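# Understanding the architecture of this molecule
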Amino acid sequence: MNKADILYCLKSSGKEYEALLNFSSEQKKKHVGNKVYLRGLIELSNNCSKDCYYCGIRKSNKKTKRYNLKDAEVLEAAKFAYENNFGSLVIQSGELQSENFSKRIEHLLKQIKSLSDNKLGITLSCGEQSEDTYKRWFDAGAHRYLLRIEASDKELYAKLHPQNDLHSFETRLKSLELLKKCGYQTGTGVMIGLPFQRLEHLANDLLFMKEFDIDMCGMGPYIEHADTPLFQYKENLLPLSERFELGMKMIALLRIMMPNINIAATTALQAIDKNGREKAIQIGANVLMPNITPGTYRDAYALYENKPLTKSSDDDCKTCIEMNLKGVENKIAYGAWGDSLHFKAKTSAKNLHSLRTGK
Ligand code: SAH
Ligand code: SF4
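Each value, and the rule that gives it
Residues numbered from 1 in each chain as written. Chains lettered and ligands numbered in written order. Predicted model: local features only at pLDDT ≥ 70, side-chain atom pairs only at ≥ 80, totals over all residues. Heavy atoms only, no water. Helix = DSSP H or I, 4+ residues; strand = E, 2+ residues; numbered from the N terminus. Rg over C-alpha atoms; globule rule 2.2 N^0.38 Å. Buried < 20%, exposed > 50% of the residue type's maximum accessible area, 1.4 Å probe, protein only. Contact = heavy atoms within 4.5 Å. Areas by Shrake-Rupley, 256 points an atom, 1.4 Å probe, with all protein chains shown as cover. Lys, Arg positive; Asp, Glu negative; His and termini not counted. Charge placed at Lys NZ, Arg CZ, Asp CG, Glu CD. Near = heavy atom within 4 Å. Nonpolar A, V, L, I, M, F, W, Y, C, P; charged D, E, K, R; others polar. Salt bridge = Lys/Arg side-chain N within 4 Å of Asp/Glu carboxyl O. Polar contact = N/O pair within 3.5 Å; in protein donor to acceptor, adjacent residues only side chain to side chain. 1 Å grid on protein atoms, 1.4 Å probe; cavity = no way out; pocket = protein on both sides within 12 Å on 5 of 7 lines; lining within 4 Å. Sits in = over half its atoms within 2 Å of the grid points.

### Notes on the overall build of the chain
The secondary structure content of the chain amounts to 14 helices and eleven strands. Taking 2.2 N^0.38 as the reference for a compact globule, 359 residues should give roughly 21 Å; the C-alpha atoms of the chain span a radius of gyration of 19 Å, in line with that estimate. Dimensions along the principal axes, computed over C-alpha positions, put the chain at roughly 55 × 50 × 45 Å. By residue count, 57% of the 359 residues in the chain fall in the buried class. Counted over contacts in the chain with a minimum sequence separation of 6, partners at least 24 positions apart contribute 76%. Accessible surface, the chain: about 15900 Å² in total, of which carbon and sulfur atoms supply 52%. Distance from the positive charge centre (52 side chains) to the negative charge centre (44 side chains) of the chain: 3 Å.

### Some remarks on the site of ligand 2
Around ligand 2, the structure places Cys48, Lys50, Cys52, Tyr54, Cys55, Ile57, Arg58 and Gly94. Taken together, the residues that form the shell around ligand 2 break down as five nonpolar, one polar and two charged.

### Some words on the pattern of salt bridges
Close approach of charged atoms allows side chains with opposite charge to pair. This model, assessed by the stated rule, comprises 24 salt bridges. Residue Glu95 pairs with Lys50 through a salt bridge whose shortest N-O separation is 3.4 Å. With Glu95 in the loop between strand S2 (87–93) and helix H4 (99–115) and Lys50 in the loop between strand S1 (35–45) and helix H3 (71–83), this pair connects stretches of sequence that are 45 residues apart. Looking at Lys50, the relative accessible area reads 3%, which means it is buried. The shortest N-O distance in the salt bridge between Glu200 and Arg198 comes to 3.8 Å.

### Brief notes about the site of ligand 1
Contacts to ligand 1 come from 17 residues, most closely from Tyr54, Ser93, Arg148, Glu150 and Ile223. Tyr54 is positioned such that a nitrogen or oxygen atom in its backbone is 3.0 Å from a nitrogen atom of ligand 1. Taking Arg148, its side chain carries an N or O atom lying 2.8 Å from an oxygen atom of ligand 1. Within the complex, 93% of the 540 Å² of free accessible area of ligand 1 lies under protein. The pocket occupied by ligand 1, as judged from atoms lying within 2 Å of grid points, is the largest cavity.

Keep in mind these values describe shape, not function.
This is the structure we're talking about:
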């Protein structure tokens, strides 16, 4: 697909939109099957040293009540994922770069591996870190990492972040390279429907992911948060329903462009439409991240408004998910890591090459 094709699809509506979703759904079936892999999501802490203009837990938001799960709570959640046969979990957190934080995650990884008899797969999403830290975490048992580029256009990125070393586009990009180098299955993604974002940016985002040769993707609609600097542009945003539809188009297009990668059905889709994640799974996504953060902390991890499954709402219960997925003819692959087939294909091609050439 070239840029013109992508733009054409991003603009589609009515019958053409339906046809796009039908085609991507077929591609999904053909290349990754109708299986959904679970990653229990643990939101470790909302302490963050950064000030991204879109994010509700940014450092300068004094209204956020900060929390940090206790190690015992993380391990309890991991045990829950293991005992319920989730196969994998994700540890996500605000970004902290310190020896204490690196050490803590390293230790937690080892403990999770040990309590699950090495059976739980672990994805991390803890922001930009040094190569050494990425390596240590990989060696301790993490094998997948999600770091969204947020916006692959440098100028747009600059409008979404403060202008300082802590928020440099180059560092974000370099971090993605480091993750690949350390051996992680590397995932990235963008927010969809951001202020200042045009369809052309989104088309380039997809081309960026293809060019970077990502293994996984998590992308979803941007949802404004009142206590953030970007909230002032609220009036210029697309209506939520259109942001949702754009999200669906982006997932469909990526599935067509990169048929064997893992694509997550993100929570932001569910925040707009309560069946949003299932709809995404029907047309291309194959990974679901049920929230297993202890209930009392969920309200505080408010990246955006109306985030579902806060402490006052229902649990992301297994039977509900199973039923909803049945409705879209998909099935949970319990107990499986569900690694990116794209990554596996790349790795075996590389191994074959070195066997043949000795390099
Ligand atoms: N601190 C880490 C991981 C936690 S934030 C990091 O930034 O990489 C996880 C993701 O939440 C971010 O990558 C961002 O894309 C998303 N996010 C933050 N604010 C958002 C908002 N207002 N709407 C939608 N997604 C948002
Ligand atoms: Fe921190 Fe991530 Fe939010 Fe940026 S997006 S403020 S790094 S939690």
